[in-house]
Amino acid sequence: MTFLLLLAMFAAPLAGPVRAQAPGIAPSDILDAAIGDWNKDGREDLALLAVTDRDDMQVGLYVYLRGAETDGSLLTLVLTVPDKIWGARGGDGGAFGQEPSIKALANGSIAITTQNFGIGRERWEHTLSLAYRDGRFLVAGLTFSSFDSLQEEEPLTCDLNLLTGRGIVNDKPVRFAPLSLTFDRWETTSGEDPGIRICRGRQ
């Protein structure tokens, strides 16, 4: 099934019951989309990033699986997390270089990337990978890199497997208490989420 056809299915009313409810989102609100087999049942699923609050730099995640009750012929909305992801469409409430993106990884996980290469001296890229485990989407991994454009602070690179409690920070192996948080419970405070705190040694 083509990418455009999947988007058309999203824009049309969903048939049958759903386990999550999406707010009113117009096709023009969609920033990015990815197709992959999130639950590893051999069927192509869908994940979307869409604007949910035009006044703030906030984007929502909407994940669809192919329902067994329709033998995989229809997508069913299973996860709705509005106003969770930082960023906006460049030129539409945000600067260019602050757009979020989403893609399917080879292992069936969903990768969500946010970035700031448009404003300020601190430039960074932040990617979370979401893995489907026992009916839930867990934050399984985090990669983060940042640098000071004025070169007054040391660069930081970080790659963490949050489920195993192992990672690499600035080329050095680290171990930490494993995390098992669903994406809706993944909270950012003062610009730092649980993964960034680990990267900075603040767990």
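Our structure is the block above this text.
Residues numbered from 1 in each chain as written. Predicted model: local features only at pLDDT ≥ 70, side-chain atom pairs only at ≥ 80, totals over all residues. Heavy atoms only, no water.

Details of the overall build of the protein
Next, step 1: When you go through the protein residue by residue, the secondary structure sums to two helices and eleven strands.
Next, step 2: In sequence order, the protein lays out its α and β elements as α-β-β-β-β-β-β-β-β-β-β-β-α.
Next, step 3: Of all 203 residues assigned to the protein, the portion counted as buried reaches 43%.
Next, step 4: Taking all contacts inside the protein whose residues are at least 6 apart in sequence as the whole, residues at least 24 apart take part in 42%. (Helix = DSSP H or I, 4+ residues; strand = E, 2+ residues; numbered from the N terminus. Buried < 20%, exposed > 50% of the residue type's maximum accessible area, 1.4 Å probe, protein only. Contact = heavy atoms within 4.5 Å.)

A closer look at the nonpolar core
Next, step 1: Among the nonpolar cores identified, the biggest contains 34 residues, and Leu61, Val63, Ile110, Leu142, Leu160 and Phe183 are the most heavily contacted of them.
Next, step 2: Contacts of Leu160, omitting those with residues within four sequence positions, involve Ala140, Gly141, Leu142, Arg166, Gly167, Val169, Val174, Phe176, Gly195, Ile198 and Cys199. (Core = buried A, V, L, I, M, F, W, Y, C linked by side-chain atoms within 4.5 Å.)

Section: the sheet that holds strand E9 (residues 156-161)
Next, step 1: Strand order in the open sheet made by the seven strands is E5-E6-E7-E8-E9-E10-E11, with antiparallel pairing throughout. Of all the strands in the sheet, the pair left with one neighbour each is strand E5 (101-104) and strand E11 (172-175). Within the sheet, the average angular offset between the axes of one strand and its neighbour, ignoring direction, is 20 degrees.
Next, step 2: Relative to E9, strand E8 (residues 136-148) runs antiparallel, the two being bridged by six bridges. Counted as the bridge partner of Ser146 is Leu156 from E9. (Pairing = 2+ DSSP bridges. Axes fitted to C-alpha atoms, helices over the stretch in contact; angles between N-to-C directions.)

Let's talk about the pattern of salt bridges
Next, step 1: Counted according to the given criterion, the structure contains four salt bridges.
Next, step 2: The salt bridge involving Glu187 is made with Lys84; its shortest N-O contact spans 3.2 Å. Taken as a pair, Glu187 in the loop between E11 and helix H2 (194-199) and Lys84 in strand E4 (residues 75-86) lie far apart in primary sequence, 103 residues in all.
Next, step 3: A salt bridge links Glu192 to Arg200; the nearest nitrogen and oxygen atoms lie 3.6 Å apart.
Next, step 4: The class for Glu192 is buried, based on a relative accessible area of 14%. (Salt bridge = Lys/Arg side-chain N within 4 Å of Asp/Glu carboxyl O.)

Side note on the pairing of E9
Next, step 1: Of the two faces of E9, the one holding Leu156, Cys158 and Leu160 is buried and the one holding Thr157, Asp159 and Asn161 is not buried anywhere.
Next, step 2: With four bridges connecting them, E9 and strand E10 (residues 166-169) associate as antiparallel partners. Within E10, the residue paired with Asn161 across the bridge is Arg166.
Next, step 3: As consecutive antiparallel partners, E9 and E10 are separated by four residues, and within that stretch Gly165 has a phi angle of approximately 75 degrees, a positive value.

Some remarks on the packing of aromatic side chains
Next, step 1: Applying the stated criterion to the full structure yields two aromatic pairs.
Next, step 2: Consider the rings of Trp86 and Trp124, whose centres lie 5.5 Å apart with planes at 50 degrees: the pair is tilted. Of this pair, Trp86 sits in strand E4 while Trp124 sits in strand E7 (residues 122-133), and the two are 38 residues apart along the sequence.
Next, step 3: Owing to a relative accessible area of 17%, Trp124 belongs among the buried residues under this scheme. (Phe/Tyr/Trp six-rings, centres within 6.5 Å; stacked < 30°, edge-to-face > 60°.)

A short note on the state of the cysteines
Next, step 1: Following the criterion strictly, the structure yields one disulfide and no others.
Next, step 2: Disulfide pairing is shown between Cys158 and Cys199; the S-S distance is 2.0 Å. For the disulfide bridge between Cys158 and Cys199, the dihedral angle about the S-S bond is near -85 degrees, and by the sign convention the bridge is left-handed. Residue Cys158 is located in strand E9, and its partner Cys199 is located in helix H2; the two are separated by 41 residues in the primary sequence. (Disulfide = S-S within 2.5 Å.)

Comments concerning the side chain of Thr113
Next, step 1: Tracing the chain through its elements places Thr113 in strand E6 (residues 110-116).
Next, step 2: Engagement of the side chain of Thr113 in a polar contact is seen with the side chain of Thr127, the distance being 2.7 Å.
Next, step 3: In this structure, Thr113 is in contact with Glu99, Pro100, Ser101, Glu125, His126 and Thr127, ignoring residues within four places of it in sequence. (Polar contact = N/O pair within 3.5 Å; in protein donor to acceptor, adjacent residues only side chain to side chain.)

Some remarks on the side chain of Glu192
Next, step 1: With respect to the secondary-structure elements, Glu192 resides in the loop between E11 and H2.
Next, step 2: When sequence neighbours within four positions are dropped, the list of residues in contact with Glu192 reads Glu187, Arg197, Arg200 and Arg202.

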